[in-house]
Structure formats: structure tokens, C-alpha cells
Amino acid sequence: MIRIAGTWEDGKSSAQLNVHLSCDASGRCQIMMDEKSLSCASLELLKLSDRIGNLPRRVYFPNGGIFCAADNDAIDQLWAEQGQSHAFLRFLPRLESSFTVAVVSLAVVVLLAYVGFRYWLPLMAQQAAQLVPQTVLDTVDSGALAQFDQAYFEPSELSDQRQQELRGYFSSYDLKSGTIEFRNGGNVLGANAFALPGGTIIFTDQMVELSQHDEELLAIYFHETGHVAHRHGVQAILQSSTVALLFTFLTGDGSGIAEALYVVPFFLLHNAYSRKFELSADAYAKEQMLSFDIEPSRFSDIMLRLQPSASDSDEFNAYFSTHPSTKERLQAFSGSQ
């Protein structure tokens, strides 16, 4: 017979009594205080709490009483002798108290976190970005442009004729083109161009003036439409807003993340797209240019002209400030291959 010292609560009062739990070979368990039996039940009817480190275990009796004991090994032995325990449950405390297991577990958690943020999060963002309704993006564009006009832009000094000429030129190559806006970038934005999530593409006067051929502007236009087509801006902000991303991904409802998307344009101004997004937009632009028999070098020509202006400007004064370029990117547009 196994005897285990512990305390007893009958479930009817707050009294806590010092008792023993005894169990015979038939599995009949009793709560004994001195020689008096306070409760009795078959072991198979008892419920045992999980073992967590060295915390006292609780044994729940059918009548509502609770036996509590700190001798976890004795309790495990009792249940094992009655065939009520599993090898894994007996082995679990050893795992919990093992320093090696703790270190390995920490390494696994760190690895899973890295894989999640490196691969799973972008994949979820890519799928969730497609669930955001166009009406939401259009609203974001409208609000963002109004804020930009107040904080960054000045009215365009291009003639209405020149603006309409460029709009007609761009739209002749893209029947699905969104709104094309022109603004004076002043000393803050300078030569720049970027796309808002809903498809609005903004060119500064300085960008237009820097170009030596409209096909150079068309190359920039195709690059920006690449960001719009793949919803890079939405993906970028979703990756930085995990809660909004998980809600959209799990529910399939993209209408509830409008507030998060309002920061996308400002994200584009103050942060560069990832290398993956830039290369994707470059590939899109080159594909479009080749489909219309436009020399891809038009893109590298204006990009090279933009590069020196970046060193002579304020923080956001050049296209390179928000669209980092590399030798590899320019080489991709150096020929028509």
C-alpha cells in the first residue's frame, strides 16, 4: 500500500486538513486523517493535474474534494502501478527541467520566428494584399494625395497642355492606367515619382524636366505600375502591421485595414522598397517596354541621370531616396535582350 502525505479540502468549507492518501493493490484510494477515512474512491475515478516542475499536484475526487501533495514522484509511482500513467508523462518533467532541452527549444523558437518573418509573413502579405478592395485603395489614394499636397507638394508648374500630353501618352500604352498626377517637388522631393496603392502615379516637375525623352518617363511609369500591379505598397505595410495582416489573411476580409493602409504613401516616402519588390517592378517595366518595342536602356539612362542629383539634394530630393538602385538593376536595362 502506498501512503502519500498532503492536504485535503472537502469542497464544502475552506478548512485545509493534513491527511494521507492511501491506495491498496485493488486501486481503492482513501483520504485518511489519523485512523479516520474522510473520503474514498476508485483510482480510475480520480482526476490528476499535470505535473509542472516541482509544483504540488492536485488529485480531484468525485465528491468535490481535492487532495494536494508535493511528492510528485510518489504520485507518479501510484498511477504507474495502477496502469493509469503514460511513459511520456513520466518523462515530461525531465524534459522541463533539462537545461539542454531548454537551450534547444529556445533555438527552435528563434529559428521558427526567423522562418516566419522571413518567408511566411511575406507570403501571407502577398495573399492578403489581393483581398483589399479597390474601393478601399481608391479612398487611401485620395486621402494621401490631399495630405501630400499640404505637407510636401506645391502645384505643378507644367503647362496644362504638357500634362495632358503626358497623360495621353502614358494611357496609350496602358488602357488600365490609374490617375496620373503632376506636382512640384520643390526642395524636399525634387526629381521623384512614386505610385500610391490604388494606382495613382505622381510625377514631380523636376522628374519631367530631368528626362530627355518621353520614353524615359514611360519607363519610370511602367516601373511604378509594376508596384501597383503587384500591390507592393500594400504588402510592405501589411508586413509591418502583423495584426492587420493576420486578420485579413484569416478572415478574407480586407476592408477592415484601411487605417493601416493610410500610412503606405508615407512609408514609400521614408522607406525604400525591398530588393525583391524593386527587381519585380523592374522586370515588369522591362517586359512592358519590350512588348511595345521600346529600348529598355531608356530606363537606365534616366536612372543614371538621377544618381548624381541624389548627392546634391535634401533627404528626399531624388528618385533614389525611395527607390534604391544597384549596378545589377541598371545592367538589366542596358540592352534589349
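Please refer to the structure placed before this passage.
Residues numbered from 1 in each chain as written. Predicted model: local features only at pLDDT ≥ 70, side-chain atom pairs only at ≥ 80, totals over all residues. Heavy atoms only, no water.

## Quick word on the packing of helix 8 (residues 214–229) against helix 13 (residues 275–291)
Across the interface, helix 8 lies against helix 13 with an axial gap of 8 Å and an inter-helix angle of 125°. Overall, the two elements helix 8 and helix 13 adopt an arrangement that is oblique. Taken as a pair, helix 8 and helix 13 cross one another with a handedness that is right-handed. On helix 13, the residues that touch Ala-219, Phe-222, His-223, Thr-225, Gly-226, His-227 and Ala-229 of helix 8 are Phe-277, Glu-278, Ala-281, Asp-282, Tyr-284, Ala-285, Gln-288 and Met-289. (Axes fitted to C-alpha atoms, helices over the stretch in contact; angles between N-to-C directions. Helix = DSSP H or I, 4+ residues; strand = E, 2+ residues; numbered from the N terminus. Parallel < 35°, antiparallel > 145°, perpendicular 65-115°, else oblique. Left-handed = near helix turned anticlockwise from the far one by under 90°. Contact = heavy atoms within 4.5 Å.)

## Description of unusual backbone geometry
Phi is positive for Arg-231, which is not a glycine, with a value near 50°. Position of Arg-231 among the secondary structure elements: in the loop between helix 8 and helix 9 (232–240). Despite not being glycine, Asp-293 has its phi angle at roughly 55°, a positive value. Structurally, Asp-293 can be placed in the loop between helix 13 and helix 14 (297–310).

## Thoughts on the sheet that holds strand 2 (residues 17–23)
One open sheet holds the 7 strands; their spatial order is 4-3-2-1-7-6-5, and the pairing between them is antiparallel. Edge strands, defined here as strands with exactly one partner in the open sheet, are strand 4 (36–42) and strand 5 (47–48). Bridging between strand 6 (residues 57–60) and strand 7 (residues 66–69) involves 4 bridges; their strand directions are antiparallel. Paired with Arg-57 across the bridge in strand 7 is Ala-69. Against the sheet, helix 1 (residues 72–81) engages strand 1 (2–9), strand 2, strand 5, strand 6 and strand 7, with an angle of about 115° to strand 1. (Pairing = 2+ DSSP bridges.)

## Brief notes about the pattern of salt bridges
Tallied over the full model, the rule gives 9 salt bridges. One salt bridge connects Arg-162 with Glu-165, and the closest N-O pair in it is separated by 2.6 Å. Within this pair, Arg-162 and its partner Glu-165 are both found in helix 5 (residues 160–171), separated by 3 residues, close to a single helical turn. One salt bridge in this structure joins Glu-216 and Arg-305, with 2.8 Å as the shortest N-O distance. In this pair, Glu-216 sits in helix 8 while Arg-305 sits in helix 14, placing the two residues 89 residues apart along the sequence. With a relative accessible area of 21%, Arg-305 lands in the partly exposed category. Overlapping salt bridges bring together Arg-51, Arg-57, Asp-73 and Asp-76 as one network. (Salt bridge = Lys/Arg side-chain N within 4 Å of Asp/Glu carboxyl O. Buried < 20%, exposed > 50% of the residue type's maximum accessible area, 1.4 Å probe, protein only.)

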